[in-house]
Amino acid sequence: MDEQQNLWSFMLQQSDKLLEQTLAHIGLTFISLLLSILIGVPAGIWISRKKQFSGAVLGLAGILQTIPSIALLGFMIPLLGIGAKPAIVALMLYAFLPIIRNTYTGIIGVNAAVTDAAKGMGMSSVQVLFKVELPLAMPVILAGIRTATVINVGVATLAAYIAAGGLGEFIFGGIALNNTNMILAGAIPAALLAIFFDFLLAKVQHLNIKKTRSALIIFPVILIVLSSFYLLPSAISSKMLAGFTPEFMGRSDGYLGLKNKYGLKIRTVVISDAVMYKAAYEKQLDVISGYSTDGRLKAYDLIVLQDDKTIFPPYYAAPIARQEVLQKYPELEPTLNLLSGRINDSIMTELNYRVDYLKQSPEKVAKDFLTGQKLYKNPRNGNKGVIRMGSKIFGEQYILLQMYAILLKGYTDLAVETKTGLGGTKICFDALTNNQIDLYPEYTGTGLLVILQPDSKTVEKMMGDKDRVYTFVQQQFIKRYGIKWLKPIGFNNAYALMMRRKQAQELKIQTISQLKMFIDNN
Amino acid sequence: MIQLEHVSKAYNNTKAVDGISFSVKEGETVVLLGTSGCGKTTTLRMINRLTEPTAGKIVINGQNIEEQPAEQLRRGIGYVLQHHGLFPHYTIAENIAIVPNLLKWNKDKIEKRTHELLEELQLPVSFAHLYPAQLSGGQQQRVGLARALAANPPVLLMDEPLGALDPVTRAGIRREFTQLDELKKKTILMVTHDVQEAFELGDRICLMDKGKIVQIGTATELLFKPATGFVSSFLKEQRFQLELESILIEDIWTLLPKANDGIDEIVFSSGRNLWEVLEAISSHVTTGAQRFVSIEKDEKKQIDATSLMAGYTQYKNSITHG
C-alpha cells in the first residue's frame, strides 16, 4: 500500500515529464508504424504479384527482426546520428515483418474465384486491388499492424538510449538509480499503452466488413494525429545541447544538482552511455555527463569541466565483499588489497582507453598492467574454493575484475568464477546481498547516494570530503548488509561534465560556472 | 457470335488446348463437354482473355478480341463461375451492379435493373441488402447469373455454373435456367463435365479430349452418329436415358398405333420427349389411369410403354443405318 501511494505521488510529482514522455512514446511508435505501413503494405502487395521475390523480401524482414533491438539502434547511430531519426528508422524496420508478411498472406489468401470473377467482369488490376483484394485482406493486414504496434510500443522504450525520449527514460533512469517508483512510472504507462492500442486495433479488426470501409479512412487520420505528438516543439531552447544518461538525469548529484546549485538551464536529451561520447565527438551533443576515468575521454579528445561548486561527490573505487566470504577465506582480503593505491585517474583512463577504444581484451590489459607492476604470478591449482565475482557492464569494471582474478589465481589456491555484465548498480548489489556473487567493485559515491540514500543534510556535510564518504559507507555497509568495503584502489571515477576540447577552448569554458554564464548570455 | 480458329494454349511444352476451331452462332448455346484436364475451361478463359492463347485467333461479333483492351472486352461478356465468385464484402445488390457500375450507368438505371433481375431469377427483393454468405448455395448461384446478365451482354460464358451444387438443387436450377427468357436470346458457351447437363442445356455439344475436339454436333448426332469410339464410351453410362430424351413423340409419330375414341384419356403434346412421357405414364399408372394418347392434326395416337419402346427401336435403327 505504502509503495503504491509512493508511486502515485511520484507520478503526480513528475506528471509533466510523464506526459511529455508518454506523448513522445506514442509519437515514436506511430510515426514509425506509419512509415512501416507506407513501405510495408506496398512491398507486401508487390511480392504477392511477383512471388519469386517473396522469399527474399520476407527473409530479409525476418532477419531484421532477429537483430537485438539495442544492437539495431546501435547500427543506426553511425548512419543517422542520435535522437528521433535513428529510433524511428529502427522501429520502422522492426514493424516491417508483421506488416509485409500479413499483407502478403492476406492478399494471397483471397479466394481465387473472387479475383477471377473481378477480372472476368472487366475490372482493371488497380480496381481488383483496391475493390477486392485489399478490402478482403484487410482483417489480416490489420492483425499485422496490431502485432507491429505492440512490438513498437515495447521496443520504443529502448529509444531512450539514443536520445529519442519516450517512457524508457524513466525505466532506465529507475534501473540506474535503484528507484522502483521511477521504473514503474515508465513501465506501467508503457504496458498500458500496449494493452490499450492492442484492444483498440482488435476492435477495428473485428468491425464488420462494411464498416471497415469507413475505418479505412479514419484509421490513417488517427495514425497521423498520433504521430504528430512527437513533433510538438520542445519547451526550452538553447544553442547548446546536453546529452545525459538516464541515471544522471535523476540524481541530485547529477542534473538536479546542476539545476539547483549552478542554475544551469540547458536543453537536454536522455542518451545511453554507450553512444554519448561519440555523439559529443560528432558534434551531435555539446555537453555530456561522463565519468572522469572513461577511456573515450582520451579517444574523442574531450575535456572535463571543473566542478567549482563541488556537486559531484567522490567516487573512489574499491572492491566490496560479503563478510562471510572474507572470514571463510582469510587470504582473500590481503590479495584484493594488493591493488590498493596502484591506479590513479590517468592510469585508469589509459587502461579504459585500451579496452574501450583500442578494443584490447580486458584480460590482456589487466595482465599487462600487473606484469608492469611486478604483481603478476602464474596461476596456482585453484582447488580450495570458488570466489564468485560480479561486475557492472562497462570496461573499467571488466578490467578490475580480470586483475582480481589474476591476483587470486596467482596468490591463493582459490578458483574464480566471474559474472560480468550484471547491468547497473541495483542488479549488482542485489546479486551480492542475495548471495549470488561474493564481491564486485563499487564506488563510494554510488554506495552513498544510490544504495544508502541518507537524508540530504548528511550528504551535504560529507560531499567534498572523500575520506568521510569512505568511512561512512564502510561503517553503514557492515552494519546494514554485512558487506565490507576493502581499501580504495586509488582513482576517482566521478561524474563530470565534458565538452569537446576545441569548442571549450574557443568559448573559453573551463568550469561549470563558466558554462552556465555562456548559456545565459547567449 | 463466337469464332475460334486454330486456337492453342501451351504451358511449357504441354499443350492444354491444341489447335481447335469451332463457332457459336448468335443465340445458340454450345456446351464444352469433357473430363477434367481436357482443356475445356482453358478454352473458355481464352475467350475473355483471362488466359492468353499461344496461337490462333478468336473473333467475337466480327471483332478480333486481341484488338480491344481486355477490360473493355470483359465488360461486354457475361461470366458465370463454378464457385459463384461473388464478392463477400458486397451486398447482393452491389454484386449485381458491378459491371453496370464499371460501365458508369446512373443510379436509377442500376437499381431498376437489379430489381428486375432479382424478380426474374425468383429471388426476393429483400435479398438486395444481404451478403452472399447469408444465402444458400442455389441462391448464390442465381445471384452469380444475375450479375453476369446485369449489363445485358450479348455473349455469356459459363464455367461449370452449377458444378458446386448438390444434384437436387442442380436439377431444379437447371430447369429454371432453361425457362429463362433472357437466356434464350444469348450466345452462350458453357463448360461442364456433366453429360446430363450438357444434353439438357446445349443446342450443340462440343466433346473435347486431350486439348482437341473429338466431335461437335447436336445431341442426336453425338448419340446416334458418334465420330469415334471415345464418343460412344463417354456417353455409355447414360446412353439409354439420353437417347429417350433426345427423341420426341413427333419423331416416331408414324411408328405409333392409332388410338380408338374413348373417355378418361390423358393427352400428351407431341413435342415431348420419350423419357418424360414414360416417366409420366409410370407415375399415372399408380393412380389408376389407363389411356394415354397424343393428338396432332386430327390424328390420335395411342401411347403406352410398349408402343413407345417399339417406336424407339425402329427409329434408332433407321437413323443409325440410314
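Some points on the overall build of chain A
Here is step 1 of the chain: Helices and strands together make up the secondary structure of chain A, namely 25 helices and 10 strands.
Here is step 2 of the chain: Reported as C-alpha extents along the three principal axes, the dimensions of chain A are approximately 90 × 60 × 50 Å.
Here is step 3 of the chain: Out of the 522 residues in chain A, the part that is buried amounts to 55%.
Here is step 4 of the chain: Within chain A, residue pairs in contact and separated by at least 24 positions form 79% of the contacts whose partners lie at least 6 positions apart.
Here is step 5 of the chain: A total of about 23000 Å² of accessible surface is found on chain A, and carbon and sulfur atoms cover 59% of it.
Here is step 6 of the chain: Of the charged side chains in chain A, 53 are positive and 37 negative; the average position of the first set lies 6 Å away from that of the second.

Re the nonpolar core
Here is step 1 of the chain: Core analysis: the biggest nonpolar cluster contains 83 residues, and Leu258, Leu339, Leu497 and Leu515 of chain A have the highest contact counts within it.
Here is step 2 of the chain: Per element, the largest residue contribution to this core is 9 residues, and it comes from helix H19 (residues 395–411) of chain A.
Here is step 3 of the chain: Core analysis: the second largest hydrophobic core is formed by 61 residues, Phe177, Leu183, Ala219 and Val277 of chain B among them.

Remarks on the side chain of Asp356 of chain A
Residue and element names in this part refer to chain A.
Here is step 1 of the chain: Among the structural elements, Asp356 can be located in helix H17 (residues 345–356).
Here is step 2 of the chain: As a buried residue without a salt bridge, Asp356 has its nearest oppositely charged side chain in Arg296, at a separation of 4.5 Å.
Here is step 3 of the chain: When sequence neighbours within four positions are dropped, the list of residues in contact with Asp356 reads Asp294, Gly295, Arg296 and Gly395.

Quick notes on the confidence of the model for chain A
All names here are of chain A.
Here is step 1 of the chain: Averaged over chain A, the pLDDT score is 86; the fraction of residues at 70 or greater is 95%.
Here is step 2 of the chain: Put simply, helix H10 (residues 209–228) is where chain A has its lowest mean pLDDT, 67, and strand S9 (residues 483–485) is where it has its highest, 95.
Here is step 3 of the chain: Within the model, the stretch residues 233–237 combines pLDDT values under 50 with 3 contacts to residues more than four positions away or in other chains.

So, the packing of H17 of chain A against H19 of chain A
All names here are of chain A.
Here is step 1 of the chain: Interaxial distance between H17 and H19 falls to 9 Å at its minimum, and their mutual angle equals 105°. Overall, the two elements H17 and H19 adopt an arrangement that is roughly perpendicular. Side by side, H17 and H19 meet where Met348, Leu351, Asn352, Val355 and Asp356 of the first sit next to Gly395, Glu396, Ile399 and Met403 of the second.

Section: the packing of aromatic side chains
Here is step 1 of the chain: The full count for this structure, using the stated rule, is 24 aromatic pairs over all chains.
Here is step 2 of the chain: Ring centres of Tyr281 of chain A and Tyr300 of chain A lie 5.0 Å apart, and the angle between their planes is 40°; on these two criteria the pair is classed as tilted. Taken together, the positions of Tyr281 of chain A in helix H13 (residues 273–281) and Tyr300 of chain A in the loop between helix H14 (295–299) and strand S4 (302–304) put the pair 19 residues apart, joining distant regions of the chain.
Here is step 3 of the chain: Residue Tyr300 of chain A is classed as buried on the basis of its relative accessible area, which comes to 10%.
Here is step 4 of the chain: Here Phe312 of chain A and Tyr495 of chain A contribute two aromatic rings whose centre-to-centre distance is 6.3 Å and whose plane-to-plane angle is 50°, an arrangement assigned as tilted. With Phe312 of chain A in the loop between S4 and strand S5 (317–322) and Tyr495 of chain A in strand S10 (residues 495–500), this pair connects stretches of sequence that are 183 residues apart. Each member of the pair, Phe312 of chain A together with Tyr495 of chain A, is buried.
Here is step 5 of the chain: Members of the aromatic cluster, joined through ring pairs, are Phe244, Phe248, Tyr255, Tyr291, Phe312, Tyr315, Phe394 and Tyr495 of chain A.
Here is step 6 of the chain: Over the face of the ring belonging to Tyr353 of chain A we find Lys298 of chain A, whose NZ or CZ atom lies 5.0 Å from the ring centre.
Here is step 7 of the chain: Above the face of the Trp105 of chain B ring, Lys109 of chain B is positioned so that its terminal group lies 4.1 Å from the ring centre.

How each quantity is defined
- Residues numbered from 1 in each chain as written.
- Chains lettered and ligands numbered in written order.
- Predicted model: local features only at pLDDT ≥ 70, side-chain atom pairs only at ≥ 80, totals over all residues.
- Heavy atoms only, no water.
- Helix = DSSP H or I, 4+ residues; strand = E, 2+ residues; numbered from the N terminus.
- Buried < 20%, exposed > 50% of the residue type's maximum accessible area, 1.4 Å probe, protein only.
- Contact = heavy atoms within 4.5 Å.
- Areas by Shrake-Rupley, 256 points an atom, 1.4 Å probe, with all protein chains shown as cover.
- Lys, Arg positive; Asp, Glu negative; His and termini not counted.
- Charge placed at Lys NZ, Arg CZ, Asp CG, Glu CD.
- Core = buried A, V, L, I, M, F, W, Y, C linked by side-chain atoms within 4.5 Å.
- Salt bridge = Lys/Arg side-chain N within 4 Å of Asp/Glu carboxyl O.
- pLDDT = per-residue confidence, 0-100.
- Axes fitted to C-alpha atoms, helices over the stretch in contact; angles between N-to-C directions.
- Parallel < 35°, antiparallel > 145°, perpendicular 65-115°, else oblique.
- Phe/Tyr/Trp six-rings, centres within 6.5 Å; stacked < 30°, edge-to-face > 60°.
- Lys NZ or Arg CZ within 6 Å of the ring centre and 35° of its normal.

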